[in-house]
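# Fold and contact review
Each chain, written out:
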Amino acid sequence: MIYGLLYVGFAVESVDATRRTFKGLFGLSGERLPPDPFLGTDKGARLAFPNECWLYAMESQQPDSPVRQFIDRRGPGLERVALLSDDIEAEFQRVRDAGVPLDGIVPADTPLGRRFFVPGEFVSGVGVEVIQPGPGAWEFNAPANISGVLGLQHIGVAVRDIDAACDAFAGLFDLQPGELRTDQHDGEQKDVMIEPGNDRLWLHVTQSWGENARVRQFLDEKGEGLEHLCIEVDDIRTAVKIVTHQGVPLFDHKIFTNRPDGFEAFVYPQHSTGVTIELIEPYPTSRGYRERR
């Protein structure tokens, strides 16, 4: 059974630059990680969130590595999600029975434990790694409310066919979609939540046909896949002040106050080493709202 999301893999040109950027803009400290033979990384860093998941910054100059091939094909960006399983043999068999060719389960001597990978071509552009962690696997060390960050709230998934994406997550990983919303962005977007099991964290699967919509532009430029990260903050004004005081502009130069899920602001990917970052302070009536302490 899948019981959580462990990390979001972020393929970058420079792990060191990514650590500096995320520390300066969002207060997220990065912990160095050793090279990972499964990914073919030369450098890595873990930027941990309080809700028991992390952003895995991955750097590689190895031409045959998944990370390098992703960057050469699409540029820096979100390359995969890693899901936790308590029975990796059963997960492997279900995926293979669905017709996905798999190389096999990697032994437990890799840093995280036993794992296998499903290429994005089978999951609407989303690379999915499945991990059954072994004894002594990396543990979480992010303190609660670090620098005003309450957690990674969602990962944006841009797709051309939301029904096909939901079918893939349900059929391959037994992750069932939530309620479909069809009234977003003036009726030019459909979206759905797929929850892997973490505290208030979901995959935000979105199909958009708005001419000027960010998701539509991402699809036109890069195709289907992981499009943005949404970080929940305690105070959106404070979070935005930190960003703008460093000379980094916001998308449309403003905090959006008319969105159904909360106060939102966006940092362009060129200022965050390759990925759009959404900052959100949810309304008390919004999905995913955390009680303030």
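Report on the accompanying structure. Quick caveat, the model's predicted, so the values are computed rather than measured.

## Here we look at helix α6 (residues 236-245)
Taken together, the buried positions of α6 are occupied by Ile236, Ala239, Val240 and Val243. Seen end-on, α6 carries its buried residues on one side only, within an arc spanning 95 degrees. Exposed residues lying more than 90 degrees from the buried face of α6 are Arg237 and His245. Regarding α6, its N-cap is Asp235, as a side-chain oxygen of that residue lies 2.9 Å from the backbone nitrogen of Arg237 further along. Looking at the residues trailing α6, positive phi occurs at Gly247, about 80 degrees.

## Side note on the sheet that holds strand β1 (residues 2-11)
Pairing is mixed in the open sheet, where 7 strands are placed in the order β2-β3-β4-β1-β5-β7-β6. The sheet is open, and its two borders are formed by β2 (30-33) and β6 (113-118), each paired with just one other strand. Here the strands of the sheet are splayed against their neighbours by 25 degrees on average, with no regard to which way each runs. The sheet strands contacting helix α1 (residues 15-26) are β1, β2, β3 (43-49) and β4 (53-59), and the helix crosses β3 at an angle near 20 degrees. The sheet contacts of helix α3 (residues 88-97) involve β1, β5 (77-85), β6 and β7 (127-133), and relative to β6 the element is tilted by about 15 degrees.

## A few points about the environment of Gln93
The topology assignment puts Gln93 in helix α3. With relative accessibility at 32%, the residue Gln93 sits in the partly exposed group. Distance in space between the C-alpha atoms of Gln93 and Val8 is 23 Å, their sequence separation being 85 residues. Within the structure, Gln93 has its side chain in polar contact with the side chain of Arg96 (distance 3.3 Å). Reaching out from Gln93, the side chain makes a polar contact with the side chain of Asp97 at a distance of 2.8 Å.

## Remarks on the packing of aromatic side chains
What the rule picks out here adds up to 12 aromatic pairs. Residues Phe256 and Phe266 carry aromatic rings whose centres are separated by 6.0 Å and whose planes lie at 80 degrees to one another, so their mutual orientation is edge-to-face. With a gap of 10 residues between them, Phe256 in the loop between α6 and β13 (262-267) and Phe266 in strand β13 connect regions that are remote in the sequence. Of the two residues, Phe256 and Phe266, neither departs from the other in class, the shared state being buried.

## Details of the pairing of β3
Among the 7 residues that make up β3, 6 are buried, leaving the element largely enclosed by the rest of the structure. Both β2 and β3 contribute to a ladder of 4 bridges, which runs antiparallel. Bridge pairing links Glu31 to Arg46 in β3. Across 7 bridges, β3 lies against β4 in antiparallel orientation. Paired with Leu47 across the two strands is Leu55, which belongs to β4. Here β3 hands over to β4 after 3 residues, with Glu52 in that stretch at a positive phi of 55 degrees.

## Comments concerning the pattern of salt bridges
Scanning the entire structure with this criterion turns up 16 salt bridges. In this structure, Glu227 engages Arg214 in a salt bridge whose closest nitrogen and oxygen atoms are separated by 2.7 Å. Highlighted residues: Glu227 in strand β12 (residues 225-233) and Arg214 in helix α5 (residues 214-222), separated in sequence by 13 residues. Take Glu227: its relative accessible area is 5%, and that puts it in the buried class. Judged by its relative accessible area of 22%, Arg214 falls in the partly exposed class. One network of salt bridges, in which partners are shared, links Asp36, Glu79, Arg80, Arg115 and Glu129.

## Quick notes on unusual backbone geometry
In this model, His253 sits at a positive phi of 55 degrees, which is unusual for a non-glycine residue. With respect to the helices and strands, His253 occurs in the loop between α6 and β13. Classification of His253 by relative accessible area gives exposed; the value is 65%. Notably, Thr273 is not glycine yet its phi reads approximately 55 degrees, a positive angle. As for its position among the elements, Thr273 is in the loop between β13 and β14 (276-282).

What counts as what
Residues numbered from 1 in each chain as written. Predicted model: local features only at pLDDT ≥ 70, side-chain atom pairs only at ≥ 80, totals over all residues. Heavy atoms only, no water. Buried < 20%, exposed > 50% of the residue type's maximum accessible area, 1.4 Å probe, protein only. Helix = DSSP H or I, 4+ residues; strand = E, 2+ residues; numbered from the N terminus. Arc of directions from axis to C-beta. Polar contact = N/O pair within 3.5 Å; in protein donor to acceptor, adjacent residues only side chain to side chain. Pairing = 2+ DSSP bridges. Axes fitted to C-alpha atoms, helices over the stretch in contact; angles between N-to-C directions. Contact = heavy atoms within 4.5 Å. Phe/Tyr/Trp six-rings, centres within 6.5 Å; stacked < 30°, edge-to-face > 60°. Salt bridge = Lys/Arg side-chain N within 4 Å of Asp/Glu carboxyl O.

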